[in-house]
Amino acid sequence: PDSKGTIFRDTGGYVIKNREFGFYTGLQKRFIDDKLKIDLSARLDKNENFDYLFSPALSGVYTFNPAQIVRVSLSSAIRNPTLADQYLYYDVGRALLVGNLDGFDSLVTIESLLNELNTQNVDTLDYFNVDPIRPEEVKTVEVGYRTTLFKNLYMDLVGYYSWYKKFIGYKIGASVDYVQAVNLLNVNNIYRVATNSKDEVTTRGVSVGLTY
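Residues numbered from 1 in each chain as written. Predicted model: local features only at pLDDT ≥ 70, side-chain atom pairs only at ≥ 80, totals over all residues. Heavy atoms only, no water.

Attention now goes to the sheet that holds strand β1 (residues 20-31). Pairing is antiparallel in the open sheet, where seven strands are placed in the order β1-β2-β3-β4-β9-β10-β13. Either end of the sheet is taken by a strand with one partner, and the two such strands are β1 and β13 (201-211). For this sheet, the mean inter-axis angle between neighbouring strands, taken without regard to orientation, is 10°. Bridge analysis of strand β4 (residues 68-79) against strand β9 (residues 136-149) gives twelve bridges, and the strand direction is antiparallel. Considered in β9, the bridge of Arg-71 is made with Gly-144. (Pairing = 2+ DSSP bridges. Helix = DSSP H or I, 4+ residues; strand = E, 2+ residues; numbered from the N terminus. Axes fitted to C-alpha atoms, helices over the stretch in contact; angles between N-to-C directions.)

As structure tokens, this is what we get:
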């Protein structure tokens, strides 16, 4: 990317280069007179800023007859942080939106900063660190059923459940300096920092498709 410092950190001769590659392979096998089809796949990804990531998947489709088909899949996937998640540096006036390859130390929560400004009590400041951003991971279980009703009505029913680790989002914090000699708190910047959630994030859903 070449933003000339407008949205990324590429200023002062700093050039952003980001390389990644991946390998994908799969195997398919049929059983029980071709009624059961099993698919196994695997993917390996590497971004130069992150470790190798392995994401396998397994699915099975059983055909009772041409009008009734059941499928089950267990899959996993990864999402590397975007270039913005890694290199963003964009001043929106009230805050700096920043990427996070290296992490941040000793930021202050906005709530405790406002409380300090109102009370002049620096002991109320709540400090926290932000770990360097890492790829997001998800695993999904999906069950589907397809059938034909009344000869002319086609139905596809799907249910799924997914759970994410290291879900990518952001945190907001302030960089401050406290000058004890004059009891003065300087606010350097407010940052919105790309980061991963420490909590597990889940999503679930059901869909029904009808075609006449």
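In this section: the environment of Lys-29. Along the chain, Lys-29 falls in strand β1. When the C-alpha atoms of Lys-29 and Asp-123 are compared, they prove to be 65 Å apart, with 94 residues separating the residues in sequence. Once residues lying within four places of it in the same chain are set aside, the contact partners of Lys-29 are Leu-36, Lys-37 and Ile-38. (Contact = heavy atoms within 4.5 Å.)

Looking now at the nonpolar core. With eight residues, the main nonpolar core is built from Leu-96, Val-98, Phe-104, Leu-107, Phe-128, Val-130, Tyr-191 and Val-193. Of all the secondary structure elements, the ones that give two or more residues to this core are β6 (96-98), β7 (104-108), β8 (127-130) and β12 (184-196). With near-sequence residues (within four places) excluded, Tyr-191 lies in contact with Leu-96, Val-98, Leu-107, Lys-171, Ile-172, Gly-173 and Ser-175. Counting six residues, the second largest nonpolar core, distinct from the first, contains Val-108, Leu-113, Leu-125 and Ala-174. (Core = buried A, V, L, I, M, F, W, Y, C linked by side-chain atoms within 4.5 Å. Buried < 20%, exposed > 50% of the residue type's maximum accessible area, 1.4 Å probe, protein only.)

Attention now moves to the pattern of salt bridges. For the structure shown, the criterion picks out seven salt bridges. One salt bridge in this structure joins Arg-19 and Glu-48, with 4.0 Å as the shortest N-O distance. Remark: Glu-48 occurs in the loop between β2 (36-47) and β3 (53-65) and Arg-19 occurs in the segment before β1; sequence separation between them is 29 residues. Residue classification places Arg-19 among the exposed residues on the basis of a relative accessible area of 55%. Residue classification places Glu-48 among the partly exposed positions, given a relative accessible area of 39%. Two residues, Lys-166 and Glu-137, come together in a salt bridge whose shortest N-O distance is 3.4 Å. With Lys-166 in the loop between β10 (153-165) and β11 (168-179) and Glu-137 in strand β9, this pair connects stretches of sequence that are 29 residues apart. Overall, Glu-137 belongs to the partly exposed group, its relative accessible area being 22%. (Salt bridge = Lys/Arg side-chain N within 4 Å of Asp/Glu carboxyl O.)

Turning next to the side chain of Glu-136. Tracing the backbone through its elements, the reader meets Glu-136 in strand β9. Within polar-contact distance, the side chain of Glu-136 engages the backbone nitrogen of Ile-168 at 2.9 Å. With near-sequence residues (within four places) excluded, Glu-136 lies in contact with Ala-77, Ile-78, Arg-79, Tyr-164, Lys-165, Lys-166, Phe-167 and Ile-168. (Polar contact = N/O pair within 3.5 Å; in protein donor to acceptor, adjacent residues only side chain to side chain.)

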